[in-house]
Amino acid sequence: RLSRDVAEDKPATPASAVVTDPLARRRPNRRALLLDGGLATHIEALGVDIDHSLWSARCLVSDPSVIRRAHADYFEAGADVAITASYQAHSKGFEELGVSPADAAAAVRRSVTLAREAAPPGRLVAGSVGSYGASLHNGAEYTGDYPGMDEAALAAWHRPRVEALIEAGCDVLACETIPCLMEARALATLLGECCFPAWLTFSCRSGTEVCSGEPFDLCVRTVAACEFVIGAGVNCTHPDHVAELVATCRATLPSEKHVVVYPNSGEEWCGETHTWKSGTATADAAFVKLALSWIDLGADCVGGCCRTSPSTIKALAAAL
């Protein structure tokens, strides 16, 4: 457990708040907590078309059983943590399907239920809070280009999904693919209001910068100041950048906070055509070798993001 008294000048947080640390539940025989891999990638491999502004969250309405199956496959591969299918769940996307606001909130809660139903005893469910940019369906989660938005607007946009995931009983929030400092600040503020543990991971364009071009170390320091951020790191980033980012993260975070790392396979996403550029992927064996080096540098929560699969996680499980 992580435990800190919250300053009296922050009335939204109880003065005696205690932050639980679900990520400390590492198996005794493993060097790191093993996250799952690309959920949408596996859903597509199971034959489902998810080219929609909701992405995999579309299946929360159209085909919930495929989400449960995808989670089960990752758990069978050895994952300790399932990240829910709520990454790209947003109100406008549900409106496109004719789903009411009440039913949209129920769909977000369902994402936790489906993961929990697939989870063996003792495994964790992380409620996915994808970046605002993902909802734009134009690749903005890899640029941080958010016209007309500020911190307050971003916090308000994220709040309904965060509250629904907490209400549904997730163990931790996974605030992921955050491309800019403004959104990181908005989420840190929201997490302080909700008093719920979370990790926050950034999409990065190099070993020193998040996708907006802002310094990665500044972004990590900013979110680490929130007592409810129990881990920080990087996701959906090219594996070649990760070693430097992990080293920076471990040097910047307090020792009790986790370094969370789950990059993509190295393939490049085209926001215009909604396709992956072929021929750029990292094979599972090479990915595992890199992951072990990230653990040596201080990462203690490791998995995969886009274009990684249950076979990637099975290989990681064998190596841990």
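Our structure's up above, just so we're on the same page.
Please read these numbers as outputs of a predicted model, since none were measured by experiment. Going along each chain's sequence as written, the residues are numbered from 1 onward. Reporting of local features is limited, given that this is a predicted model, to residues whose pLDDT is at least 70; pairs of side-chain atoms are given and counted only at 80 or more, and all residues count toward the totals for whole chains, interfaces and linings. To obtain the side-chain values, all non-hydrogen atoms of the structure were included, while hydrogens and water were left out.

The next thing to look at is the pairing of strand 9 (residues 258-262). Using a 1.4 Å probe on the protein chains alone, a residue whose accessible area is under 20% of its type maximum counts as buried, one over 50% counts as exposed, and one in between counts as partly exposed. Runs of H or I in DSSP of at least four residues are treated as helices and runs of E of at least two as strands, each being numbered from the N terminus. Among the 5 residues that make up strand 9, 5 are buried, leaving the element largely enclosed by the rest of the structure. Of the two faces of strand 9, the one holding His258, Val260 and Tyr262 and the one holding Val259 and Val261 are both buried throughout. The pairing of strand 8 (residues 229-235) with strand 9 spans 5 bridges and is parallel. Among the inter-strand pairings, Ala232 is bridged to a residue of strand 9, identified as Val259. Think of it like this: strands point away, you trace from the first strand over the helix to the second, and a clockwise trace means the crossover is right-handed. Since strand 8 and strand 9 lie parallel, the crossover through helix 10 (residues 239-252) that links them has a hand, and here it is right-handed. A pair of strands is labelled paired if DSSP reports no fewer than 2 bridges between them.

Take the nonpolar core next. The definition of a nonpolar core used throughout is a set of buried Ala, Val, Leu, Ile, Met, Phe, Trp, Tyr and Cys residues joined through side-chain atoms within 4.5 Å. By size, the foremost hydrophobic cluster in this structure holds 100 residues, and its most contacted members are Leu173, Trp199 and Phe202. Grouped together as the second largest cluster of nonpolar side chains are 8 residues, Met149, Leu154, Cys180 and Ala186 included.

For the pair helix 5 (residues 101-118) and helix 7 (residues 151-168), interaxial distance at closest approach is 8 Å and the crossing angle is 45°. With respect to their mutual orientation, helix 5 and helix 7 come out oblique. Between helix 5 and helix 7 lies a crossing whose hand is right-handed. For the pair helix 5 and helix 7, the contacting residues are Ala105, Val108, Arg109, Ser111 and Val112 in the first and Arg161, Ala164, Leu165, Glu167 and Ala168 in the second. Each residue is assigned to one class: nonpolar for Ala, Val, Leu, Ile, Met, Phe, Trp, Tyr, Cys and Pro, charged for Asp, Glu, Lys and Arg, and polar for all the others, Gly among them. The residue makeup of the contact of helix 5 with helix 7, split by class, is 6 nonpolar, 1 polar and 3 charged. The convention used is that axes are lines fitted to C-alpha atoms, helices contributing only their stretch in contact, and that angles between N-to-C directions extend from 0 to 180 degrees. Angular relationships are summarised with four words: roughly parallel below 35 degrees, roughly antiparallel beyond 145, roughly perpendicular across 65 to 115, and oblique for the angles in between. Note: crossing handedness is left-handed where the near helix turns anticlockwise from the far helix by less than a right angle, and right-handed where it turns clockwise. The contact criterion used is simple: two residues touch if any of their non-hydrogen atoms lie within 4.5 Å.

Checked against the element boundaries, Ser86 lands in the loop between strand 4 (81-83) and helix 4 (91-96). Overall, the relative accessible area of 0% leaves Ser86 in the buried class.

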